[in-house]
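# Summary of structural features
Residues per chain are reported as follows:
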Amino acid sequence: RPFHVEPTNIVGVNDDMQRVTDEASAMNKRIHYYSRLTSPADRALIAPDHVLPAPDEIYVYSPLGTAFKVDTCTGGYGKNSSLVTIFMIWNTMMGTSILSIPWGIKQAGFTSGIILILLMGILTLYCCYRVVKSRQMIPLIDTSNWEFPDVCKYYFGSFGQWSSLLFSMVSLVGAMVVYWVLMSNFLFNTGKFIYNIVHDINVTDIVPGTNGSNKVICPSAASSHLPQNRSVMFSSGNSTGFELFEEWWNKSQTVPFYLIAILLPVLNLKSPSFFAKFNVLGTVSVVYLVFLVTVKAAHLGIHLEFDWLTESEFFVPEFRILFPQLTGVLTLAFFIHNCVITLLQNNRNQENNVRDLSIAYFLVGLTYLYVGVIIFASFPSPPLSKECIEQNFLDNFPSDDIMSFVARIFLLFQMMTVYPLLGYLARVQLLRQVFGNAYPSLFHVLVLNLTIVGAGVAMARFYPNIGGIIRYSGATCGLAFVFVYPSLIYMISLHRAEQLTWPALIIHIFIILLGLANLIAQFLL
């Protein structure tokens with residue numbers, strides 16, 4: 001006998017099935033979106049560009065920032081308060097670029113450096129707001145699971161898809177190169193400190209510096225005519241053994257190669273999610289750097305002399321033609337545009353997104369200003385010149401400085417945990433786009449990782465200038481994600497809605513030209 005169902009029950013069943021189908025469809029869209037960015041066999045890290053989700057959590061991070069866990073939402077928006085959202089954005093943006101801010105202020109001049117930090121913060125905040133609004137301006141399409149690269153693909157087709165991949169890879173690989181240079185630097189100084197302590201060696205570097213317990217050095221003054229880590233004046237210990245140590249423990253010639261044995265194997269893992277558990281070190285590192293800067297400034301005092309046009313022996317002018325070097329660094333320092341949509345989508349109160357994003361940017365800018373201004377102002381000149389401020393301001397403190405040693409230890413371990421995650425994201429984005437699989441074979445993954453590691457080793461060996469690497473990669477990826485795409489998408493959206501006005505057109509074309517000028521200036525100055 002045929003199975004019989006009353007008509008009234010059919011309606012109820014159909015309603016329930018329709019609801020389940022709708023929910024399943026929404027879930028499938030989400031799974032489909034995330035699955036494009038991860039290996040099918042690896043469900044530990046699946047996310048848009050800068051997001052690493054797990055079954056009930058995601059990890060959000062930026063190239064030079066940190067990573068942390070965020071609760072996901074099951075329909076609708078997230079459950080994070082505004083305070084948590086603000087902290088997440090601040091924590092995501094804060095990273096190793098903070099080490100180059102004092103150098104950037106020196107390159108731009110003290111007054112112009114402060115002004116540029118404020119202006120770049122405002123400009124990147126505005127462009128970030130345009131990124132958030134870009135998804136909301138797409139009509140008749142469910143964009144709830146889209147990130148900014150998907151918006152670029154919608155407006156610009158395959159060109160937007162591939163160009164966003166290219167510039168995203170520039171930011172990731174650029175960050176990995178910076179990390180390799182810094183890890184080589186921190187590992188070298190840490191090893192040197194430990195060796196001197198263990199063997200009871202008192203070493204005076206052949207580098208100009210101040211006297212006293214709070215010594216500040218000027219490595220660049222001696223780098224042109226002396227070996228990079230030669231030292232003299234042994235109070236105890238075996239001089240032959242020390243010379244052998246210096247030969248095999250060299251900042252640029254040996255240490256960058258030692259890191260290969262540590263990091264290359266973990267780069268080839270299918271899922272490096274284990275390392276995401278340690279990224280709380282990023283927050284600890286930034287907080288400790290602020291503490292270090294405060295203590296050092298309290299001991300060194302303030303050394304400022306205002307001269308608006310000319311450069312004296314110990315001081316730089318307030319305005320310098322090299323200011324684009326700071327804007328290049330700041331472009332990456334304020335870069336969060338690839339993952340800001342996901343961060344704000346987890347905000348419980350969506351009406352506060354603009355306010356929360358603005359407060360977070362204000363706090364990031366305030367942190368950069370505090371560290372940059374305090375280091376620049378307290379740098380002891382005389383007797384040293386402000387020109388001695390290094391691209392990594394920790395290099396201005398000798399390797400036997402206890403507080404700097406602790407900072408290097410924190411940063412070294414934090415970078416060694418973030419580096420495999422950056423490598424994983426680079427692999428996922430590139431190999432999945434090219435081969436349709438994030439892990440096509442060990443050979444493909446090994447070739448990619450050897451290329452990235454080789455770039456880091458080469459830079460650490462021949463061009464260990466993190467300020468230069470940050471400003472080049474920042475200006476390049478920032479041209480697309482900060483200046484061009486948000487402005488173009490906004491103008492196209494207004495044009496389609498027949499709401500584009502001449503003032504809006506002029507303003508956003510000007511923003512695009514600023515981004516282009518920022519990139520060109522990096523290669524001219």
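Above this text is the structure in question.
Right, let's walk through the structure included here. Computed from a predicted model, the values in this text were never measured in an experiment.

## Some details on the nonpolar core
Counting 135 residues, the largest nonpolar core has Leu99, Met183, Phe393, Leu394 and Tyr419 as its most contacted members. Ranked by residues supplied to this core, first place goes to helix α5 (residues 148-198) with 21 residues. If we skip the residues at most four places from it in the chain, Leu99 touches Leu182, Phe186, Leu289, Gln391, Asn392, Phe393, Leu394, Leu411 and Ile466.

## Points about the side chain of Asn347
With respect to the helices, strands and loops of the structure, Asn347 is situated in the loop between α11 (340-345) and α12 (353-378). A residue is classified by how much of its surface remains accessible, and Asn347, at 0% relative accessible area, is buried. One polar contact links the side chain of Asn347 to the main-chain carbonyl oxygen of Asn349, over a distance of 3.3 Å. Polar contacts involving the side chain of Asn347 include one to the side chain of Asn353, which spans 3.0 Å.

## A closer look at the pattern of salt bridges
In this structure the tally under the stated criterion is four salt bridges. Close ionic contact of Asp401 with Lys296 constitutes a salt bridge, the shortest N to O distance being 2.6 Å. In this pair, Asp401 is assigned in the loop between α12 and α13 (402-435) and Lys296 in helix α9 (residues 280-300), connecting sequence segments 105 residues apart. Owing to a relative accessible area of 9%, Asp401 belongs among the buried residues under this scheme. Using a relative accessible area of 5% as the deciding quantity, one classes Lys296 as buried.

## Comments concerning α9
Relative to the 30 Å expected for 21 residues at 1.5 Å per residue, α9 spans 30 Å between its end C-alpha atoms, a close match to the ideal helical length. Within α9, the full set of buried residues consists of Gly282, Thr283, Ser285, Val286, Tyr288, Leu289, Leu292, Val293, Lys296, Ala297 and Leu300. Those residues of α9 hidden inside the fold are in contact with α2 (82-93), α12 and α13. After α9 finishes, the residue Gly301 shows a positive phi value of roughly 80°.

## What to know about helix α8 (residues 255-267)
Here α8 spans 19 Å end to end across 13 residues, near enough to the 18 Å set by a 1.5 Å rise per residue. Inspection of α8 places Val255, Pro256, Leu259, Leu263, Leu264, Val266 and Leu267 among the buried residues, and these make up the whole buried set. Among the structural elements, α5, α13 and α14 (442-462) are those in contact with the buried residues of α8.

## Digging into unusual backbone geometry
For the bond from Ser381 to Pro382, the omega torsion is -5°, close enough to zero to count as cis. Tracing the backbone shows Pro382 in the loop between α12 and α13. With omega at 15°, the peptide bond leading from Pro382 into Pro383 counts as cis. With respect to the helices, strands and loops of the structure, Pro383 is situated in the loop between α12 and α13.

## Looking at a nonpolar patch on the surface
A cluster of nonpolar side chains, Ile321, Phe323, Ile509, Leu513, Leu516, Ile520, Leu524 and Leu525, forms an exposed patch at the surface whose accessible area comes to about 750 Å². Relative to the elements of secondary structure, Ile321 occurs in the loop between α9 and α10 (324-333).

## What about the state of the cysteines?
Per the stated rule, a full pass over the model turns up one disulfide. Disulfide pairing is shown between Cys218 and Cys388; the S-S distance is 2.0 Å. Around the S-S axis, the bridge from Cys218 to Cys388 shows a dihedral of about -80° and counts as left-handed. With Cys218 in the loop between β4 (204-205) and α6 (219-222) and Cys388 in the loop between α12 and α13, the pair connects residues that are 170 residues apart, well separated along the chain. Considered together, Cys218 and Cys388 belong to a single accessibility category, that of buried residues. In this model Cys127 remains outside any disulfide bridge; the closest cysteine sulfur is found in Cys128, 8.7 Å from its own. Exposure remark for Cys127: the relative accessible area of 1% places this residue in the buried category.

## Some remarks on the packing of aromatic side chains
For the structure on display, the rule yields 19 aromatic pairs. Look at Tyr155 and Phe156: their rings are 6.5 Å apart centre to centre, the planes differ by 50°, and that puts the pair in the tilted class. You can call Tyr155 buried: its relative accessible area is 11%. Note on Phe481 and Tyr485: the rings are 6.4 Å apart at their centroids and 80° apart in plane angle, and the pair reads as edge-to-face. Taken as a pair, Phe481 and Tyr485 lie in helix α15 (residues 466-496) at a separation of four residues, close to a single helical turn. Here the two residues Phe481 and Tyr485 agree in accessibility, since each one is buried. Each residue in the set Trp146, Phe148, Tyr154, Tyr155, Phe156, Phe335, Phe481 and Tyr485 is aromatic and connected to the rest through ring pairs, giving one cluster. When the ring centre of Tyr439 is taken as origin, the NZ or CZ atom of Lys270, which lies over that ring, is 5.2 Å away. Over the ring of Tyr472 we find Arg471; its NZ or CZ atom is 4.5 Å from the centre of that ring.

Calculation criteria
Residues numbered from 1 in each chain as written. Predicted model: local features only at pLDDT ≥ 70, side-chain atom pairs only at ≥ 80, totals over all residues. Heavy atoms only, no water. Core = buried A, V, L, I, M, F, W, Y, C linked by side-chain atoms within 4.5 Å. Buried < 20%, exposed > 50% of the residue type's maximum accessible area, 1.4 Å probe, protein only. Helix = DSSP H or I, 4+ residues; strand = E, 2+ residues; numbered from the N terminus. Contact = heavy atoms within 4.5 Å. Polar contact = N/O pair within 3.5 Å; in protein donor to acceptor, adjacent residues only side chain to side chain. Salt bridge = Lys/Arg side-chain N within 4 Å of Asp/Glu carboxyl O. Expected span 1.5 Å × (residues − 1). Patch = residues over 30% accessible without salt bridge, like charges linked within 9 Å, V, L, I, M, F, W, Y side chains within 5 Å. Areas by Shrake-Rupley, 256 points an atom, 1.4 Å probe, with all protein chains shown as cover. Disulfide = S-S within 2.5 Å. Phe/Tyr/Trp six-rings, centres within 6.5 Å; stacked < 30°, edge-to-face > 60°. Lys NZ or Arg CZ within 6 Å of the ring centre and 35° of its normal.

By themselves these figures say nothing about function.
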